Amino acid sequence: MKPHVYPADWLARSDPPPLADFGRRLLAEGDSWFTIGTLNLPDASNLLFKLEVSQSTAIVNCAYPGDTLAHMVDWFSDPFFDRLLRQPRFARYWEAILVSAGGNDLIDAAQVPPVGKDGAPTPPGQRLLLTAQEAAESSAAGPERFVSEEGWANLSSYLLTNFAELVARRDQGPSRRRPIFLHTYALPTVRPSGTVGAPQGWLSPALRRYGLNGADAQGASDALFGRLRSLLLALDSGSGQPQALPQVHVFDSAGLPDIQPAPAGQAAPSDDWVNEIHLSPKGYGKMGQVFGPWMEKTLAAYP
């Protein structure tokens, strides 16, 4: 069965969702994998709608439906999420917290251009990428030569700080020490496929600004998402890594072999991808078929 997903503001209605009638109640927040990645409604979906669960589950979703990228700090300030997680008189007990974060932060950071509007070069610490000329002078080999190490260090520090803050906020409310579920991201194909407001996609124009095309562009994207995957997996409480956080569990979406990459250069949706960075309903369905049972198995270990 699928969970019932309710927008957070529905709790303020005169006839709020009957959360007490469900076997489990989860709180969700995050980026566009938890909202919708297209304004074409027949193709609109998100991961939460596609989770396969074995008992009745209600998800209160604080992620705002729309077609925008969201920074972690943006949804940390979301009044519904913070109130429902930890604020007195508003917070509730949640069996688990679902969070989608890091992917849109990376994509947004990748869009910082090599040269600012004032014509001055953007300092390497303020961008994720190096130009083709800078990469030629790098000591790194392969696609890693396109990554700004200073920029990556800043982004990774930002993400680690905010994930630690998320855990701290969880433990300030009634859901203290309840599991937080994160996920890695399936590797996108760099291609001119977007939606209203970003018709050429997000990564494709960003990489072209750095003089990266074809295999170089795809390699740079894969390198960045590979680093993000490693960062997120290190947060798992069972990872054995120094970045591990208590009661945090990370589902490795990037390791799912069934999600097929979109063809390079194709602007139209593919089977599993609705555009450059968002999965289609079919793609989210493949992920949800595995993510849901994994989540329930993990939850079963909690009292």
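Now for a look at the structure at hand. (Residues numbered from 1 in each chain as written. Predicted model: local features only at pLDDT ≥ 70, side-chain atom pairs only at ≥ 80, totals over all residues. Heavy atoms only, no water.)

1. So, the overall build of the protein
Part 1 of the argument: From N to C terminus, the protein includes eight helices and six strands.
Part 2 of the argument: Helices (α) and strands (β) of the protein occur, in sequence order from the N terminus, as β-β-β-α-α-β-α-α-α-β-α-α-β-α.
Part 3 of the argument: Against the 2.2 N^0.38 benchmark of 19 Å for 303 residues, the protein shows a C-alpha radius of gyration of 19 Å, consistent with a compact globule.
Part 4 of the argument: Buried positions account for 52% of the 303 residues belonging to the protein.
Part 5 of the argument: At a minimum sequence separation of 6, the contacts of the protein that also span at least 24 residues come to 74%.
Part 6 of the argument: As displayed, the protein offers around 13,100 Å² of accessible surface, 54% of which is attributable to carbon and sulfur atoms.
Part 7 of the argument: Of the side chains in the protein, 25 bear a positive and 31 a negative charge, and the two mean positions are spaced by 6 Å. (Helix = DSSP H or I, 4+ residues; strand = E, 2+ residues; numbered from the N terminus. Rg over C-alpha atoms; globule rule 2.2 N^0.38 Å. Buried < 20%, exposed > 50% of the residue type's maximum accessible area, 1.4 Å probe, protein only. Contact = heavy atoms within 4.5 Å. Areas by Shrake-Rupley, 256 points an atom, 1.4 Å probe, with all protein chains shown as cover. Lys, Arg positive; Asp, Glu negative; His and termini not counted. Charge placed at Lys NZ, Arg CZ, Asp CG, Glu CD.)

2. What to know about the sheet that holds strand S6 (residues 248–251)
Part 1 of the argument: Spatially, the six strands line up as an open sheet ordered S1-S3-S2-S4-S5-S6, and their pairing is parallel. At either margin of the open sheet sits one strand with a lone partner, and together these are strand S1 (4–7) and S6. Strand-to-strand twist in this sheet, taken as the mean axis angle between neighbours without regard to direction, amounts to 25 degrees.
Part 2 of the argument: Relative to strand S5 (residues 180–183), strand S4 (residues 96–100) is paired through two bridges, and the arrangement is parallel. If you follow Leu-98 over to S5, its bridge partner there is Phe-181.
Part 3 of the argument: Sheet contacts for helix H5 (residues 149–170): S4, S5 and S6; angle to S5, the most-contacted strand, approximately 160 degrees.
Part 4 of the argument: Relative to the sheet, helix H8 (residues 281–299) contacts strand S2 (24–30), S4, S5 and S6, its axis offset from that of S5 by approximately 150 degrees. (Pairing = 2+ DSSP bridges. Axes fitted to C-alpha atoms, helices over the stretch in contact; angles between N-to-C directions.)

3. Here's the deal with unusual backbone geometry
When glycine is set aside, most residues are seen to have a negative phi, and most peptide bonds are trans.
Part 1 of the argument: We note that Arg-89 has phi near 75 degrees; this positive angle belongs to a residue other than glycine.
Part 2 of the argument: As for its position among the elements, Arg-89 is in the loop between helix H2 (79–86) and S4.
Part 3 of the argument: For Arg-89, a relative accessible area of 80% puts it in the exposed group.
Part 4 of the argument: Although it is not a glycine, Arg-177 sits at a positive phi angle of roughly 65 degrees.
Part 5 of the argument: When you line up the elements, Arg-177 lands in the loop between H5 and S5.

4. Overview of the side chain of Glu-276
Part 1 of the argument: As for its placement among the helices and strands, Glu-276 is situated in the loop between S6 and H8.
Part 2 of the argument: Comment: no salt bridge for buried Glu-276; closest opposite-charge side chain is Arg-191, at 6.8 Å.
Part 3 of the argument: Here Trp-202 takes part through its backbone nitrogen, which lies 2.6 Å from a polar atom of the side chain of Glu-276.
Part 4 of the argument: In contact with Glu-276, not counting residues within four places along its chain, are Pro-188, Thr-189, Val-190, Arg-191, Ser-193, Gly-201, Trp-202, Leu-203 and Ser-204. (Salt bridge = Lys/Arg side-chain N within 4 Å of Asp/Glu carboxyl O. Polar contact = N/O pair within 3.5 Å; in protein donor to acceptor, adjacent residues only side chain to side chain.)

5. Focus: the packing of helix H3 (residues 103–110) against helix H7 (residues 214–235)
Part 1 of the argument: Relative orientation of the contacting elements H3 and H7 amounts to 145 degrees, with a least axis distance of 11 Å. Seen from above, H3 lies across H7 with right-handed handedness. Between H3 and H7, the contacting residues are Gly-103, Leu-106 and Ile-107 on the first element and Leu-224, Phe-225 and Leu-228 on the second.
Part 2 of the argument: Along the lines of polarity and charge, the residues of the contact of H3 with H7 split into five nonpolar, one polar and no charged. (Left-handed = near helix turned anticlockwise from the far one by under 90°. Nonpolar A, V, L, I, M, F, W, Y, C, P; charged D, E, K, R; others polar.)

6. A closer look at the environment of Arg-86
Part 1 of the argument: By secondary structure assignment, the location of Arg-86 is in helix H2.
Part 2 of the argument: Separated by 209 residues in the primary sequence, Arg-86 and Met-295 place their C-alpha atoms 23 Å from one another.
Part 3 of the argument: Dropping the residues within four chain positions of it, Arg-86 is found in contact with Ala-91, Arg-169, Gln-172 and Gly-173.
Part 4 of the argument: A polar contact of 2.8 Å, which involves the side chain of Arg-86, links it to the side chain of Asp-82.

7. Brief notes about the pattern of salt bridges
Part 1 of the argument: Enumeration according to the criterion identifies 14 salt bridges in this entry.
Part 2 of the argument: Of the charged contacts, one joins Glu-165 and Arg-169 as a salt bridge, the two residues approaching to 2.8 Å between their closest N and O atoms. Placement of the pair is Glu-165 and Arg-169 together in helix H5, with a separation of four residues, close to one helical turn.
Part 3 of the argument: On the basis of relative accessibility, which here comes to 15%, the residue Arg-169 falls in the buried class.

8. With respect to H8
Part 1 of the argument: Given a rise of 1.5 Å per residue, 19 residues ought to cover 27 Å, and the 25 Å separating the end C-alpha atoms of H8 matches this to within 8%.
Part 2 of the argument: Taking the largest bend as the criterion, H8 deviates by roughly 30 degrees, centred on Gly-288.
Part 3 of the argument: Inspection of H8 places Gly-283, Tyr-284, Gly-285, Met-287, Gly-288, Phe-291, Gly-292, Met-295, Glu-296, Thr-298 and Leu-299 among the buried residues, and these make up the whole buried set.
Part 4 of the argument: Of the surrounding elements, those touching the buried residues of H8 are S2, S4, S5 and S6. (Expected span 1.5 Å × (residues − 1). Bend = angle between axes of the 7 residues up to and from the residue.)

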